[in-house]
Amino acid sequence: GCRLPGWNRPVSRPLATSRQLCQQGLAAAERTHWDEAEKLFAKAVESSPADPDSRRHYAEALWLRGNREEAVAQLLEAGELSPEDASLRVRAAEMLLELGHWELALQSAQVALDLDPKSAGAWAVRGRVRQARGMAREALADFQRSLQYEPSNRGILLELAELYLRTIQPERALVSLQTLADTYPPG
């Protein structure tokens, strides 16, 4: 039967069905058939409610189809099912931030940092939350920390440059933009 890597026992039938449905959902998503993907991921979650991966994929499909609150709920549930996965908390923080739930986004980012203090994504999303809350100095520190762990992240370099401009630090903005330009190949 099917086996998960590192496990000595067979995968349960519901989990195997869930994984199969997820693969079909991912194929539908790749073709940008999000309605089909959403249905397949929903069936995957129904088949194996304790599988965090199926919930993660379902959340993304819900998000892209505009069912934002349910997407966050699915992602938070996936985080509860896989409490050591910082990436789930980072994505939840990104979604919560976009919905304007700053305090919840900050909490989720902090949980991700507690799980993985070297997570560039967690530092970046915490910086975005702090920036949205008007905490420019703290946001700058978080963006710098994010770049410490992922120095060539073009998105963060651009966000950092923009924040430097807003805080009237044009020299630092220019340095950030030059660093951003250096991430591209010549020509």
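Throughout what follows, the structure given in this document is the object of discussion. (Residues numbered from 1 in each chain as written. Predicted model: local features only at pLDDT ≥ 70, side-chain atom pairs only at ≥ 80, totals over all residues. Heavy atoms only, no water.)

Structural notes on the overall build of the protein
Tallying secondary structure elements over the protein gives 10 helices and zero strands in all. Ordering the α and β elements of the protein from the N terminus gives α-α-α-α-α-α-α-α-α-α. Within the protein, the proportion of its 187 residues that are buried is 40%. Contacts spanning at least 24 positions in sequence make up 41% of the contacts within the protein whose residues lie at least 6 apart. Summing over all exposed atoms, the protein offers an accessible surface of approximately 10,600 Å²; the carbon and sulfur share of this is 52%. Looking at charge distribution, the protein has the averaged site of its 23 positive side-chain charges lying 2 Å from that of its 26 negative ones. (Helix = DSSP H or I, 4+ residues; strand = E, 2+ residues; numbered from the N terminus. Buried < 20%, exposed > 50% of the residue type's maximum accessible area, 1.4 Å probe, protein only. Contact = heavy atoms within 4.5 Å. Areas by Shrake-Rupley, 256 points an atom, 1.4 Å probe, with all protein chains shown as cover. Lys, Arg positive; Asp, Glu negative; His and termini not counted. Charge placed at Lys NZ, Arg CZ, Asp CG, Glu CD.)

Some words on helix H8 (residues 136–149)
Spanning 14 residues, H8 covers 20 Å between terminal C-alpha atoms, matching the ideal 20 Å at 1.5 Å per step. Here H8 has its buried residues at Ala139, Leu140, Asp142, Phe143, Ser146 and Leu147. Projected down its long axis, H8 carries its buried residues within an arc of 165°, all on one side. Within H8, the exposed residues directed more than 90 degrees away from the buried face are Arg137 and Gln148. In the core, the buried residues of H8 are packed alongside helix H7 (120–132) and helix H9 (154–166). (Expected span 1.5 Å × (residues − 1). Arc of directions from axis to C-beta.)

A short note on the nonpolar core
Within the largest apolar cluster, 26 residues are counted, with the highest numbers of intra-cluster contacts made by Phe41, Leu75 and Met95. Sorting the residues of this core by element identifies helix H1 (13–30), helix H2 (34–47), helix H3 (52–64), helix H4 (68–81), helix H5 (86–98) and helix H6 (102–115) as the ones contributing at least two each. Of all hydrophobic cores here, the second largest spans 12 residues; its members include Ile156, Leu160, Ala173 and Leu180. (Core = buried A, V, L, I, M, F, W, Y, C linked by side-chain atoms within 4.5 Å.)

Section: the pattern of salt bridges
A side chain with one charge can pair with a side chain of the opposite charge if their charged atoms come near. Evaluation of the coordinates by the stated rule reveals 12 salt bridges. Across the salt bridge formed by Glu94 and Arg91, the nearest N and O atoms sit 3.3 Å from each other. Here Glu94 pairs with Arg91, and both are found in helix H5, just three residues apart, close to one helical turn. Glu159 is the salt-bridge partner of Arg128, the closest N and O atoms lying 2.9 Å from each other. Pair noted here: Arg128 is in helix H7 and Glu159 is in helix H9, with a separation of 31 residues, a long-range link. A relative accessible area of 18% means that Glu159 is categorised as buried. Ionic contacts of the salt-bridge type, sharing partners, join the residues Glu60, Arg91 and Glu94 into one network. (Salt bridge = Lys/Arg side-chain N within 4 Å of Asp/Glu carboxyl O.)

Notes on the side chain of Ser54
Among the secondary structure elements, Ser54 is positioned in helix H3. Once residues lying within four places of it in the same chain are set aside, the contact partners of Ser54 are Ser18, Cys22, Ala44, Val45 and Ser48.

Let's talk about the packing of H1 against H3
Packing of H1 against H3 leaves a shortest axis separation of 10 Å and a crossing angle of 25°. Judged by the angle between their axes, H1 and H3 are roughly parallel. Judged by the sense of rotation from one axis to the other, the crossing of H1 with H3 is left-handed. Touching Ser18, Arg19, Cys22 and Leu26 of H1 are Asp53, Ser54 and His57, all from H3. (Axes fitted to C-alpha atoms, helices over the stretch in contact; angles between N-to-C directions. Parallel < 35°, antiparallel > 145°, perpendicular 65-115°, else oblique. Left-handed = near helix turned anticlockwise from the far one by under 90°.)

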